[in-house]
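Descriptive structure summary
What follows is each chain in one-letter form.
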Amino acid sequence: MNDDQRYQQGLKVRTEVLGETHVGRSLANLNDFNQDFQNFISRFAWGEVWSREGLPRHTRSLVTIAILLALGREDELRMHLRACFNNGVTKDELKELILHSALYAGLPAANAAMHMAEEVFKELGIDVQPVAAQPQD
């Protein structure tokens, strides 16, 4: 695969994962400063790594969210929280991932991710049902 084919493959995967709106906005904002970087992202992140057959996209989404949560990369985390549902991640899987990450990445990072996920749910119209508080003994 040559660089142009890898770029086209990357745009395809990037759009399938992140959505047309996000990718379209990135492409519409190309300029002489960011063009090479956007090309790099499409070719390598999406055309090379995300296009590999070794892990399903569902797993790649969960791994990506865990890493971004641990690193505190909020903008990228929010983007991948939105995108994970395009890869079949469920709300319950996301909840378990955040709980699990609290053990290894720290409670503050997981707490921030939990709140961010709830904001994303609201934006996407994903229902979250209130529950009664647990009585204390």
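About the thresholds
Residues numbered from 1 in each chain as written. Predicted model: local features only at pLDDT ≥ 70, side-chain atom pairs only at ≥ 80, totals over all residues. Heavy atoms only, no water. UniProt positions renumbered as here; feature names shortened; annotations may be inferred. Helix = DSSP H or I, 4+ residues; strand = E, 2+ residues; numbered from the N terminus. Salt bridge = Lys/Arg side-chain N within 4 Å of Asp/Glu carboxyl O. Buried < 20%, exposed > 50% of the residue type's maximum accessible area, 1.4 Å probe, protein only. Patch = residues over 30% accessible without salt bridge, like charges linked within 9 Å, V, L, I, M, F, W, Y side chains within 5 Å. Areas by Shrake-Rupley, 256 points an atom, 1.4 Å probe, with all protein chains shown as cover. 1 Å grid on protein atoms, 1.4 Å probe; cavity = no way out; pocket = protein on both sides within 12 Å on 5 of 7 lines; lining within 4 Å. Points joined across faces, edges and corners; volume = space filled by probe spheres on them. Nonpolar A, V, L, I, M, F, W, Y, C, P; charged D, E, K, R; others polar. Domains from an automatic or database assignment. Phe/Tyr/Trp six-rings, centres within 6.5 Å; stacked < 30°, edge-to-face > 60°. Expected span 1.5 Å × (residues − 1). Contact = heavy atoms within 4.5 Å. Buried area = accessible area lost by both parts, 1.4 Å probe. Polar contact = N/O pair within 3.5 Å; in protein donor to acceptor, adjacent residues only side chain to side chain.

1. Comments concerning the UniProt feature "domain: Carboxymuconolactone decarboxylase-like" (unreviewed entry) in the protein
Taking the numbering used here, the UniProt-annotated feature "domain: Carboxymuconolactone decarboxylase-like" (unreviewed entry) corresponds to residues 36-119. End-to-end, the C-alpha atoms of residues 36-119 are 32 Å apart, and along that stretch the chain is 80% helix and 0% strand.

2. Focus: the pattern of salt bridges
A full pass over the atoms with the stated rule returns 9 salt bridges. A salt bridge links Arg 6 to Asp 3; its shortest N-O distance comes to 3.8 Å. Of this pair, Arg 6 and Asp 3 both sit in helix α1 (residues 3-18), 3 residues apart, roughly one helical turn. Among the residues examined, Arg 6 registers a relative accessible area of 18% and is labelled buried. On the accessibility criterion, Asp 3 (47% relative accessible area) is partly exposed. The residue Glu 16 makes a salt bridge to Arg 57 at a minimum N-O spacing of 2.7 Å. Placement of Glu 16 in helix α1 and of Arg 57 in helix α4 (residues 57-71) is noted, with a sequence separation of 41 residues between them. The class for Arg 57 is partly exposed, based on a relative accessible area of 27%.

3. Regarding a nonpolar patch on the surface
Judged by side-chain polarity, Phe 37, Phe 40 and Phe 44 come together as a nonpolar surface patch covering roughly 310 Å² of accessible area. Residue placement: Phe 44 occurs in helix α3 (residues 35-49). Classification of Phe 44 by relative accessible area gives partly exposed; the value is 34%.

4. Concerning the layout of surface pockets
Summary: where empty space remains is shown by rolling a probe the size of a single water molecule over the atoms. Roughly 450 Å³ of volume is contained in the largest pocket. Lining the largest pocket are 22 residues, with Ala 45, Trp 46, Trp 50, Glu 76 and His 80 sitting closest to its centre. For the lining of the largest pocket, the secondary-structure elements that each account for two or more residues are α1, α2 (20-28), α3, α4 and α5 (74-83). Of the residues that constitute the lining of the largest pocket, the class distribution is 14 nonpolar, 5 polar and 3 charged. Counting contributing residues, the lining of the largest pocket receives three or more from each of domain 1 (1-29 + 39-51) and domain 2 (53-126).

5. Details of the packing of aromatic side chains
In total, this model carries 4 aromatic pairs according to the counting rule given. A network of ring pairs unites the aromatic residues Phe 37, Phe 40 and Phe 44 as a single cluster.

6. Some words on α3
Relative to the 21 Å expected for 15 residues at 1.5 Å per residue, α3 spans 20 Å between its end C-alpha atoms, a close match to the ideal helical length. Every buried residue of α3 is listed here: Gln 38, Ile 41, Ser 42, Arg 43, Trp 46 and Gly 47. At its buried positions, α3 is contacted by α1, α2 and α5.

7. Description of the domain arrangement of the protein
Per the domain assignment, the segments of the protein are domain 1 (1-29 + 39-51) and domain 2 (53-126). Domain 1 puts 10 residues into the contact, and the matching count from domain 2 is 10 residues. In total, domain 1 and domain 2 occlude about 830 Å² of area from one another, counting both sides; carbon and sulfur atoms represent 57% of this. The largest share of the area that domain 1 buries against domain 2 comes from Val 17, Leu 18 and Trp 50, three residues that together contribute 60% of it. Inspection of the domain 1/domain 2 interface yields 1 salt bridge. At the surface where domain 1 touches domain 2, the tally comes to 3 residue pairs in polar contact (both at pLDDT 80 or more). For the side of domain 1 that touches domain 2, the elements supplying multiple residues, two or more each, are α1 and α3.

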